[in-house]
Amino acid sequence: MTENYILTFTAEDRVGLVAAVAGFLAEYEGFILDSQQYADLEQKRFFMRVEFTSAGEKFPSSLDALTEKFSAIGRQYALDWTLVSGAVKPNIVIAVSKGSHCLNDLLHRWKTGGLPVNIVAVVSNHENLRALTEWHGVPFHHFPVSDENRAEQEQQILDIMDQNSAEYLVLARYMQILSDNMSEKLAGRGINIHHSFLPGFKGAKPYHRAHARGVKLIGATAHFISKDLDEGPIIEQAVDRVDHRASVEDMIRIGRDIEAQVLAKAVKWAGEHRILLNGNRTVVFR
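Residues numbered from 1 in each chain as written. Predicted model: local features only at pLDDT ≥ 70, side-chain atom pairs only at ≥ 80, totals over all residues. Heavy atoms only, no water.

## Considering the nonpolar core
Then step 1. Of all hydrophobic cores here, the largest spans 39 residues; its most connected members are Ile92, Ile94, Leu106, Ile119, Ile191, Leu263 and Val267.
Then step 2. Secondary structure elements with two or more residues in this core: strand E5 (91-96), helix H3 (101-111), strand E6 (118-124), strand E8 (166-171), strand E9 (190-195), strand E10 (217-224) and helix H8 (248-271).
Then step 3. Judged by nonpolar contacts, the second largest core, of 21 residues, contains Ala11, Leu17, Phe24 and Tyr77. (Core = buried A, V, L, I, M, F, W, Y, C linked by side-chain atoms within 4.5 Å. Buried < 20%, exposed > 50% of the residue type's maximum accessible area, 1.4 Å probe, protein only. Helix = DSSP H or I, 4+ residues; strand = E, 2+ residues; numbered from the N terminus.)

## Topic: the sheet that holds E5
Then step 1. Pairing is mixed in the open sheet, where seven strands are placed in the order E7-E6-E5-E8-E9-E10-E11. Whereas interior strands pair on both sides, the edge strands pair on one side only; in this sheet they are strand E7 (140-142) and strand E11 (234-241). Between one strand axis and the next, the sheet turns by 20 degrees as a mean value, whatever way the strands run.
Then step 2. Direction of pairing for E10 relative to E11: antiparallel, over a ladder of seven bridges. Within the sheet, the bridge partner assigned to Thr221 lies in E11 and is Gln237.
Then step 3. Contacts from H3 reach E5, E6, E8 and E9 within the one sheet, and its direction differs from that of E6 by about 160 degrees.
Then step 4. Helix H5 (residues 150-163) contacts E5, E6, E7 and E8 of the sheet and is inclined by roughly 140 degrees relative to E8. (Pairing = 2+ DSSP bridges. Axes fitted to C-alpha atoms, helices over the stretch in contact; angles between N-to-C directions. Contact = heavy atoms within 4.5 Å.)

## A word on helix H2 (residues 63-76)
Then step 1. If you check H2, its first and last C-alpha atoms are 20 Å apart, about what 14 residues at 1.5 Å a residue would give, namely 20 Å.
Then step 2. Of all bends in H2, the biggest is about 35 degrees, found at Phe70.
Then step 3. Burial in H2 covers these residues: Leu66, Phe70, Ser71, Ile73 and Gly74.
Then step 4. On its buried face, H2 sits against strand E1 (4-12), helix H1 (17-27), strand E3 (45-54) and strand E4 (80-85). (Expected span 1.5 Å × (residues − 1). Bend = angle between axes of the 7 residues up to and from the residue.)

Below is the structure:
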């Protein structure tokens, strides 16, 4: 089977970017399977994702050779670019606390082939989800955390990522605030999920307080980690309507379902190299 490749890049917007990529692929007999692009006219930035494969004998024989040949285009147009094999799934580490709904959903989707990633480890500040994790054949690491050992505990998580060559840390309801240092190290590589009541209902028991205010929309937001709590670039959001009949328990149940679905989409798109950062926003090529 012929291997697919995925090229993503951003650059200062200028005439000729699409032509340069298409011309390069035509020169080396590459066949475009999917191509999406976006020009941010306000920021004068251009974004592109191209998936392609070999269509002839001129096509380079390896990813390294292909990367070397394309580097001339990258230099000429000052591209911030990546070129990867579509057959290689990125490794991810999942961080959790006690809530199981997001972790369970990700593990099930991954085990049944629904996520284009490799879940290489789960880390947690509690032991509660060890059995669930290990039942799926994934290593579980218990790293208790306190104000006194936070820096050491976060370094343990980073060490697990390094040891497993993990590209992303996914916070699947990890109920700890990361330090600024940790957030900086995970910029563009840490994906978090939270209920969309934030920032209006920050802190404990958000669904109880939302119920008390008569909220009519239940939602969730997947976003990249940033130093500013829950204000990183947004990847995906979803909502569902409720009315006066919804109890706190109803809101929690609906909210958990949405959280799991939204996080799964974000992880899937990350695995398919569909998310590009655009300042404090994202470009998501679906």
